[in-house]
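Single-letter residue listing:
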Amino acid sequence: MYKQKCVSLEDTKALAYKFANLVKEEGCFVNLFGEIGAGKTAFVKLAAEALGIKEKVTSPSFVILNEYHSAAIPVYHFDLYRLENVGIKTITDELREYSEGKKITFVEWAEFSQGELPFERIEMNVKYDDTDDSRIYEFQAVGEKYKKVVEGLKN
Ligand SMILES: Nc1ncnc2c1ncn2[C@@H]1O[C@H](COP(=O)(O)OP(=O)(O)O)[C@@H](O)[C@H]1O
Ligand SMILES: [Mg+2]
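Residues numbered from 1 in each chain as written. Chains lettered and ligands numbered in written order. Predicted model: local features only at pLDDT ≥ 70, side-chain atom pairs only at ≥ 80, totals over all residues.

(A) Quick look at the sheet that holds strand S4 (residues 75-79). Ordered in space as S1-S7-S6-S2-S5-S4-S3, the 7 strands form an open sheet in which the pairing is mixed. Two strands close off the open sheet at either side, each with one partner strand: strand S1 (2-6) and strand S3 (65-68). This sheet shows a mean twist of 15° between the axes of neighbouring strands, independent of strand direction. Of the strand pairs in this sheet, strand S2 (residues 28-33) and strand S5 (residues 104-108) are connected by 5 bridges, and their pairing is parallel. Bridging across to S5, Cys28 finds its partner in Ile104. In this fold helix H1 (residues 9-23) packs onto S1, S2, S5 and strand S7 (134-142), with an angle of close to 145° to the strand it touches most, S1. (Pairing = 2+ DSSP bridges. Helix = DSSP H or I, 4+ residues; strand = E, 2+ residues; numbered from the N terminus. Axes fitted to C-alpha atoms, helices over the stretch in contact; angles between N-to-C directions. Contact = placed C-beta atoms within 7 Å.)

(B) Quick peek at the environment of Ile104. If you trace the backbone, Ile104 turns up in strand S5. Sequence separation of Ile104 and Lys40 is 64 residues, and the distance between their C-alpha atoms is 15 Å. If sequence neighbours within four positions are ignored, Ile104 has contacts with Val23, Gly27, Cys28, Leu51, Ile73 and Val75.

(C) The arrangement of the environment of Ser113 in detail. Inspection of the secondary structure assignment puts Ser113 in the loop between S5 and strand S6 (121-129). On the basis of neighbour counts, which here come to 18 C-beta atoms within 10 Å, the residue Ser113 falls in the partly exposed class. Each C-alpha atom, one on Ser113 and one on Tyr81, is 9.1 Å from the other, the two residues being 32 residues apart in sequence. (Buried ≥ 20, exposed ≤ 12 C-beta atoms within 10 Å, placed from the backbone.)

(D) Molecular detail of the site of ligand 1. As a structural note, the neighbourhood of ligand 1 is formed by 17 residues, with Thr12, Gly39, Lys40, Thr41 and Ala42 the closest of them. Listing elements by their share of the shell around ligand 1, those giving two or more residues are H1 and helix H2 (40-51). The residue makeup of the shell around ligand 1, split by class, is 6 nonpolar, 7 polar and 4 charged. (Near = placed C-beta within 6 Å. Nonpolar A, V, L, I, M, F, W, Y, C, P; charged D, E, K, R; others polar.)

(E) Region of interest: unusual backbone geometry. Non-glycine residue Asp133 carries a positive phi angle of around 60°. Mapped onto the elements, Asp133 comes out in the loop between S6 and S7. Residue Asp133 is classed as exposed on the basis of its 9 C-beta neighbours within 10 Å.

So this is what it looks like as structure tokens:
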């Protein structure tokens, strides 16, 4: 597990750039959890910028999935906020396809969902701390595959 406090958007940018550098060759599947406004989309935008995505990255809340193909590796950005629990179950099999091959997939989950998925991934949790307006970003590898990415964030 890796945990980092980001007191400014610049801190989050440095973290997202470091993350992008660790996943840009092999790809990654990331689940993002956290309250609305915590900083999930902000992280995705900064990581996409670091990867060289030229298009404007917007929150996919209304379309569920946005995809970007202007960098060396494709980036897929899901936001499941608008799906009910039953909808999340139906999308699980589809998500598996996005966890395979050289691509980077970010999935923003609704707070109420458990996000139990049958494949390897990184789970990122963002917490907002209103005492100092900071964000705590936490990364956990589920399975062996992404352990070295989480370890790499420590350096
Ligand atoms: N350190 C920080 N890390 C991430 N976002 C920050 C930070 N400081 C301020 N913000 C702002 O907080 C908001 C986070 O919103 P967003 O990323 O859309 O949240 P979420 O996707 O988790 O609902 C953005 O407007 C962002 O600019
Ligand atoms: Mg969001």
